[in-house]
Amino acid sequence: MRGVLLMGIAAFMATPTLAAGERIRFWNLTANTITHFHLAPAGTNRYGPDQCANDRDRTVDHDERLRITGLPPGRYDAKLQDNTGRVCVVTNIDIKDGDVFSIEESDLTDCRKP
């Protein structure tokens, strides 16, 4: 019985952390629709999965918010591609639990067109 109680407490303690990460949202304030959006720990090239997969149409329109999953709070670099084909990197974004972070057109200074 004690083991079951300890497992229940451990599961309860883990649940808020997982749920908290689900509340992180990205707000697209760029001029274009984003078709791919990846995040990596700041200063690395270890980009995670395409977060656009979390959206129903797999894109993030201008002024749309996107649910970010599988990501603890911290500092991240974002790599995004928009519907014009432009690929941009925005570095050192502070992402907080339960918060909305945004990228504006003026943040897109490191871009290239394939």
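Shown above is the structure to which this text applies.
Residues numbered from 1 in each chain as written. Predicted model: local features only at pLDDT ≥ 70, side-chain atom pairs only at ≥ 80, totals over all residues. Heavy atoms only, no water.

Undergrad: Could you clarify how one ought to interpret the pairing of strand β5 (residues 87–95) in this entry?
TA: Every other side chain in a regular strand lies on the same face of the sheet, so the side chains alternate between the two faces. With seven bridges joining them, strand β4 (residues 74–82) and β5 adopt antiparallel strand pairing. When the bridges of β5 are listed, Lys-79 appears paired with Val-89. Note that β5 and strand β7 (residues 110–112) share three bridges and pair antiparallel. In the strand pairing of β7, Cys-88 is matched with Cys-111. (Pairing = 2+ DSSP bridges. Helix = DSSP H or I, 4+ residues; strand = E, 2+ residues; numbered from the N terminus.)

Undergrad: Looking at this structure, I do not really get unusual backbone geometry. What am I missing?
TA: Even without being glycine, Arg-58 reaches a positive phi, approximately 65 degrees. Assignment of secondary structure puts Arg-58 in the loop between β2 (34–41) and β3 (65–67). Here the phi dihedral of Asp-63 falls at roughly 70 degrees; this positive angle occurs in a residue that is not glycine. With respect to the helices and strands, Asp-63 occurs in the loop between β2 and β3.

Undergrad: Looking at this structure, I do not really get the state of the cysteines. What am I missing?
TA: Note: disulfide means a covalent bond formed between the sulfur atoms of two cysteine side chains. This structure, assessed with the given rule, holds one disulfide. Disulfide partner of Cys-88: Cys-111, at an S-S distance of 2.1 Å. Around the S-S axis, the bridge from Cys-88 to Cys-111 shows a dihedral of about 110 degrees and counts as right-handed. In this pair, Cys-88 sits in strand β5 while Cys-111 sits in strand β7, placing the two residues 23 residues apart along the sequence. For Cys-88, a relative accessible area of 0% corresponds to the buried category. (Disulfide = S-S within 2.5 Å. Buried < 20%, exposed > 50% of the residue type's maximum accessible area, 1.4 Å probe, protein only.)

Undergrad: Before we go on, may I ask you to explain the sheet that holds strand β6 (residues 100–104) in this structure?
TA: Strands in a sheet are paired, the pairing made by backbone hydrogen bonds, and the direction either parallel or antiparallel. The sheet built from three strands is open, its strands ordered β3-β1-β6 with mixed pairing. Unpaired on one side and paired on the other, β3 and β6 mark the two borders of the sheet. Here the average twist between neighbouring strands, direction ignored, is 25 degrees. As judged from the three bridges shared by strand β1 (residues 25–29) and β3, these two strands associate in the antiparallel manner. Paired with Phe-26 across the strands is Leu-66, a residue of β3. (Axes fitted to C-alpha atoms, helices over the stretch in contact; angles between N-to-C directions.)

Undergrad: Could you clarify how one ought to interpret the pattern of salt bridges in this entry?
TA: It is possible for side chains bearing opposite charge to pair when their charged atoms get close. Evaluated as defined, the whole model comprises four salt bridges. Here Arg-86 ties to Glu-105 by a salt bridge, and the two come within 2.9 Å at their closest N and O atoms. Taken as a pair, Arg-86 in the loop between β4 and β5 and Glu-105 in the loop between β6 and β7 lie far apart in primary sequence, 19 residues in all. The exposure class assigned to Glu-105 is partly exposed, which follows from its relative accessible area of 29%. When salt bridges with common partners are traced through the structure, they connect Asp-82, Arg-86 and Glu-105 into a single cluster. (Salt bridge = Lys/Arg side-chain N within 4 Å of Asp/Glu carboxyl O.)

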